Amino acid sequence: MITELFVHPTSWFILGALLMPFARRLGVQKIWLVVIPLLAMATIYRLPDSFGVVNYLGFELQFGRVDKLTFIFLHVFTLMAVIGSIFALQVKESGQHIAAFLYVAGSLGVTLAGDYLTLFIFWELMAFASTFLIWYRKKKRSIEAGYRYLLVHTAGGLVLLAGIFLLYQSGHDLSFGILSQEGAGWAEYLVMIGFLLNAAAPPIHAWLPDAYPEATVTGAVFMCAFTTKTAVYVLLRAFPGFEVLAIIGACMALYGVAYAVIENDARRILAYHVVSQVGYMVCGVGIGTAMALNGVAAHAYAHIIYKALLFMGAGAVLEMTGRSKLSELGGLYRTMPVTMIFTIIGGIAISGFPLTSGFVSKSMIVAAAGYNHQTVLLVMLILAGVGTFLSVGIKLPYFIWFGKDSGVRATEAPWNMQLAMAMAAFVCILFGVYPAALYNMLPFAAEYHPYYAYHLSETFQLFGFTGLGFYLMVKYLQPHDVSNLDLDWFYRRGSVQFMRFAKGPVTAVNEWVSNVYQSIGLRLTKALARAFSWFDKEGIDWTIDGSARSIVSAGDTVRQIQTGRIQHYIGAAVLAVVVLLLVVFLI
Amino acid sequence: MIARWIDYLRERANIVRGCFFAFLLFAVIFDFVIERPKPHFFGDTIIGFWSLFGLLACLLMIIICKGLSHVWLERKEDPYDH
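Criteria and cut-off values
Residues numbered from 1 in each chain as written. Chains lettered and ligands numbered in written order. Predicted model: local features only at pLDDT ≥ 70, side-chain atom pairs only at ≥ 80, totals over all residues. Heavy atoms only, no water. Helix = DSSP H or I, 4+ residues; strand = E, 2+ residues; numbered from the N terminus. Rg over C-alpha atoms; globule rule 2.2 N^0.38 Å. Buried < 20%, exposed > 50% of the residue type's maximum accessible area, 1.4 Å probe, protein only. Contact = heavy atoms within 4.5 Å. Areas by Shrake-Rupley, 256 points an atom, 1.4 Å probe, with all protein chains shown as cover. Lys, Arg positive; Asp, Glu negative; His and termini not counted. Charge placed at Lys NZ, Arg CZ, Asp CG, Glu CD. Pairing = 2+ DSSP bridges. Phe/Tyr/Trp six-rings, centres within 6.5 Å; stacked < 30°, edge-to-face > 60°. Domains from an automatic or database assignment. Salt bridge = Lys/Arg side-chain N within 4 Å of Asp/Glu carboxyl O. Buried area = accessible area lost by both parts, 1.4 Å probe. Polar contact = N/O pair within 3.5 Å; in protein donor to acceptor, adjacent residues only side chain to side chain. Nonpolar A, V, L, I, M, F, W, Y, C, P; charged D, E, K, R; others polar. Patch = residues over 30% accessible without salt bridge, like charges linked within 9 Å, V, L, I, M, F, W, Y side chains within 5 Å. Axes fitted to C-alpha atoms, helices over the stretch in contact; angles between N-to-C directions. Parallel < 35°, antiparallel > 145°, perpendicular 65-115°, else oblique. Left-handed = near helix turned anticlockwise from the far one by under 90°. Expected span 1.5 Å × (residues − 1).

> For this particular structure, what's the right way to read the overall build of chain A?
If you tally the helices and strands in chain A, you get 22 helices and three strands. By the compact-globule yardstick of 25 Å for 587 residues, chain A is too spread out, its C-alpha radius of gyration being 36 Å. Taking the principal axes of the C-alpha coordinates as reference, chain A spans close to 135 × 60 × 60 Å. Counting every position in chain A, which comprises 587 residues, the buried fraction comes to 55%. In chain A, the proportion of contacts linking residues at least 24 apart, taken out of those at least 6 apart, comes to 82%.

So this is what it looks like as structure tokens:
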């Protein structure tokens, strides 16, 4: 039983989280942080196809369902846990590590879940655990952002749960598999909305750029990897070929870059790029061909690594300088050159430069749109690629490490942060120069070769001339200390308005009602009470007492009839028999 | 060490700029000589199409996004505090 329990990679992370305080007490927290993800990673290679099937209240829960699609996501999630833990080694607070481990545990649990109920349990664990990664920053803004994050995810979870209930009602056995677009109704679309909220699809995306920049330096590295990509996994599993996803995805890709171009905070720029890049994946799910779905899996893998690398780079700068706004940074190349090189590798990988992972993964989705003759999607995705290179490939590194010298003199990030960045950068370049390492893990059968002359030519031109555009407009792009409104305005303003409404009209009405009650209601009640009291005494008591008196007097009368002499009773009995006989005979 | 290389290049900004324009030229010329696969849409048939697309897309994106930001979306840091 124990051995079977530890077949599930999630168990390692839950055990790791539970024993973290002891590991800290024993002084082996740093070793523990690396050993647990490595053990989990070793586990995924030996998983049986199906395990952990439990019958509970008549439902069959399946904690482990493994195929090639599961494997590639498990692989990148556990690898990311190793890299993220190394990046976080210098954090002494056990609480942060516990939250991160439980978050990873939730994500692996969702990936392995074979039914909707198991999925939902781990889905909520993720939302709950990741909130602490925001709160541990301990600033007022972080605490507020954490509450908003939790509320939005709770709402999303409820939508998902409603969808699951409706599925069950319509006779679905709740096993987690492909849903068909034909005949899809409320149930399917509610589940999809629940998933899309975690994938940060506009208009329900604003939690992401709201929360991630407020998370802890190390927490943001975990968060950018798991929530959205778990959502991509479940979409890929349940909704391949839903056309609406292709449109939503392409819009996401553009929406994210548009905000990334105008934002000032480095981590908020990266957060908007999560929206944009996840847009490519959602679009790929919507296209739904084998090549597109392979592209989604490949891009999710590549994206997790380079996005984490970028968040590590921006996080290292924040850790060492205490700043993350581009308008307050600049000229750091002298003091943090190693971080700069790794971040630029992340930047060119997300842009899809040749010899980086983005080139071999993103192009699969774009090519799939082309092969499927969806020209509008194709052009939207390429346009988003231009914006990506502009904002993360050039703008972000330029204004942090070059640009106007801010006078900030920092030291280079600690060794463990550099090691984690080096590992991620290595993976980015490995996939770029040796795509087979990534393609061999892909779940579907589809042939694709990224390195051909026309693709290279297209990439050279796009990036070269985007660079020219930046060069011409660099003055106009100078960052300012501002932030931009997004759709979270509705619930943030909405809550303020609600509070104002609660404080103003609602309180006034409440007081008025209580005044009316004091002056009229109370008197009326007292008068009514007196009336009832009178009725009770004069009406009910009189009736009851009266009937009691009648019973007593009736009893007296009966007692007087009872003489106790036998001849009276016999006489009465004879009389009765005579009367009875007379009655019988006369009638 | 890396910083010194960068300083060395920054002192010779003209050469870096020259290399960049040379790359742009190379990118366009490269498009003339390569073999083209079956086109997905009309853009794939025009030589140098992606150069123009890249430049225009970049400029338009900057102008439109920055413009929208200036006239509508932009707020002084944290508009929700007040």
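Don't stop here, the text continues.
> Could you clarify how one ought to interpret the overall build of chain B in this entry?
When helices and strands are tallied, chain B shows three helices and one strand. Along the chain direction, N to C, the helices and strands of chain B fall in the order α-α-α-β. Taking 12 Å as the expected radius of gyration for a compact globule of 82 residues, we find that chain B reaches 20 Å, considerably beyond that expectation. Counting every position in chain B, which comprises 82 residues, the buried fraction comes to 38%. Accessible surface, chain B as shown: approximately 5,600 Å² in total, 71% of it carbon and sulfur. For chain B, the distance from the average site of its 9 positive side-chain charges to the average site of its 9 negative ones is 6 Å.

> In this structure, what is going on with the pairing of strand 1 (residues 50–56) of chain A? I would like to understand it.
For a regular strand, the rule is simple: side chains alternate between the two faces of the sheet. Residue and element names in this part refer to chain A. Where strand 1 meets strand 2 (residues 59–65), six bridges bridge the pair, whose relative direction is antiparallel. Paired with Asn55 across the two strands is Glu60, which belongs to strand 2. Where strand 1 folds back onto strand 2 in an antiparallel hairpin, the turn is made up of two residues, including Leu57, whose phi is positive at roughly 50°.

> I would appreciate a short explanation of the packing of aromatic side chains in the present structure.
Any pair of aromatic rings gets described here by the distance separating the centres and the angle formed by the planes. According to the stated counting rule, one finds 46 aromatic pairs over all chains in the structure shown. On the numbers, 5.1 Å between centres and 70° between planes, the contact of A:Tyr116 with A:Phe176 is edge-to-face. With A:Tyr116 in helix 7 (residues 116–135) and A:Phe176 in the loop between helix 8 (140–169) and helix 9 (186–198), the pair connects residues that are 60 residues apart, well separated along the chain. Grouping residues by exposure puts A:Tyr116 and A:Phe176 together as buried. Between B:Phe41 and B:Phe42 the ring centres are 5.3 Å apart and the planes differ by 75°, which places this aromatic pair in the edge-to-face class. Residue classification places B:Phe41 among the buried positions, given a relative accessible area of 12%.

> I tried to follow the domain arrangement of chain A on my own but got confused; where do I start?
Parsing chain A into structural domains produces domain 1 (1–238), domain 2 (240–486) and domain 3 (494–531). Computed over C-alpha atoms only, the centres of domain 1 of chain A and domain 3 of chain A are separated by 47 Å.

> Explain the pattern of salt bridges here, please?
Between side chains of opposite charge, a pair can form when the charged atoms approach closely. Under the criterion given, the structure shown has 13 salt bridges over all chains. Between B:Asp31 and B:Arg36 there is a salt bridge whose closest N-O contact spans 3.0 Å. Three or more residues are tied together by salt bridges with common partners; here these are A:Arg148, A:Asp210, A:Asp488 and A:Arg492.

> I keep staring at the domain arrangement of chain B and nothing clicks. Help me out?
By a frequent convention, interface size equals the accessible area lost on bringing the separate parts together. Once the domains are mapped, chain B shows domain 1 (1–34) and domain 2 (39–75). With centres defined by C-alpha atoms, the gap from domain 1 of chain B to domain 2 of chain B works out at 23 Å.

> Help me understand unusual backbone geometry, please; the structure alone is not making it clear to me.
Across the chain, the bulk of peptide bonds are trans and the bulk of non-glycine residues have phi less than zero. All names here are of chain A. With omega at 5°, the peptide bond leading from Pro202 into Pro203 counts as cis. Note that Pro203 resides in the loop between helix 9 and helix 10 (207–211). Residues other than glycine seldom take positive phi values, yet Leu355 does so here, at roughly 75°. Among the structural elements, Leu355 can be located in the loop between helix 15 (337–351) and helix 16 (357–371).

> Is there a simple way to explain the interface of chain B and chain A in this structure?
Facing the 50 residues of chain B at the interface are 56 residues of chain A. Buried surface at the junction of chain B and chain A, summed over both partners, amounts to about 5,000 Å²; 70% is from carbon and sulfur atoms. In this structure, the connection of chain B to chain A is made through one salt bridge. In this structure, the salt-bridge partner of A:Arg334 is B:Asp7, at a minimum N-O distance of 3.2 Å. Across the contact surface, chain B and chain A share twelve residue pairs in polar contact (both at pLDDT 80 or more). For the side of chain B that touches chain A, the elements supplying multiple residues, two or more each, are helix 1 (2–11), helix 2 (13–33), helix 3 (49–73) and strand 1 (74–76) of chain B. With 18 residues, helix 3 of chain B is the single largest residue contributor to the side of chain B that touches chain A. Tallied by class, residues from the side of chain B that touches chain A come to 28 nonpolar, nine polar and 13 charged.

> Looking at this structure, how should I read the environment of A:Ala220?
Residue and element names in this part refer to chain A. Topologically, Ala220 is positioned in helix 11 (residues 217–238). Owing to a relative accessible area of 0%, Ala220 belongs among the buried residues under this scheme. Measuring from C-alpha to C-alpha, the distance between Ala220 and Met312 comes to 8.4 Å, with 92 residues separating the pair along the chain. When neighbours within four sequence positions are excluded, Ala220 is seen to be in contact with Tyr212, Ala215, Arg267 and Phe311.

> Just to check I follow, could you spell out the environment of A:Tyr103 for this structure?
All names here are of chain A. Relative to the elements of secondary structure, Tyr103 occurs in helix 6 (residues 94–112). Measuring from C-alpha to C-alpha, the distance between Tyr103 and Thr10 comes to 9.9 Å, with 93 residues separating the pair along the chain. Discounting chain neighbours no more than four positions away, the residues touching Tyr103 are Met126, Ala129, Ser130, Leu133, Phe222, Met223, Phe226 and Thr227.

> Could you clarify how one ought to interpret a nonpolar patch on the surface in this entry?
A cluster of nonpolar side chains, namely A:Ile566, A:Ile570, A:Val574, A:Leu575, A:Val578, A:Val579, A:Leu582, A:Val583, A:Leu586 and A:Ile587, defines an oily patch on the protein surface of about 1,000 Å² accessible area. With respect to the element layout, A:Val574 can be found in helix 22 (residues 566–586).

> Is there a simple way to think about the side chain of A:Gln29 in this case?
Checked against the element boundaries, A:Gln29 lands in helix 4 (residues 29–44). Among the polar contacts made by the side chain of A:Gln29, one reaches the side chain of A:Ser94 at a distance of 2.7 Å.

> Would you mind showing me how to read the packing of helix 12 (residues 243–262) of chain A against helix 13 (residues 266–287) of chain A here?
When two helices pack together, their arrangement is captured by the angle between the axes and the distance separating the axes. Residue and element names in this part refer to chain A. Two elements in contact, helix 12 and helix 13, have axes separated by 7 Å at closest approach and are oriented at 160°. As the angle between them shows, helix 12 and helix 13 are arranged roughly antiparallel. Helix 12 and helix 13 meet at a crossing whose hand is left-handed. For the contact of helix 12 with helix 13, a count of residues per class yields 17 nonpolar, six polar and one charged.

> What's the story with helix 20 (residues 453–473) of chain A in this structure? I'm lost.
Here helix 20 of chain A contains 21 residues, and its C-alpha end-to-end distance of 30 Å stays within 8% of the 30 Å for a straight helix at 1.5 Å per residue. Most of helix 20 of chain A is tucked away, with 17 of its 21 residues classed as buried.

> Hey, could you run me through the side chain of A:Ser391 in this one?
Residue and element names in this part refer to chain A. Among the structural elements, Ser391 can be located in helix 17 (residues 375–401). Accessibility expressed as a relative area gives 0% for Ser391, which makes it buried. Not counting the four nearest positions on each side in its chain, Ser391 is found in contact with Ala260, Val261, His273 and Leu396.

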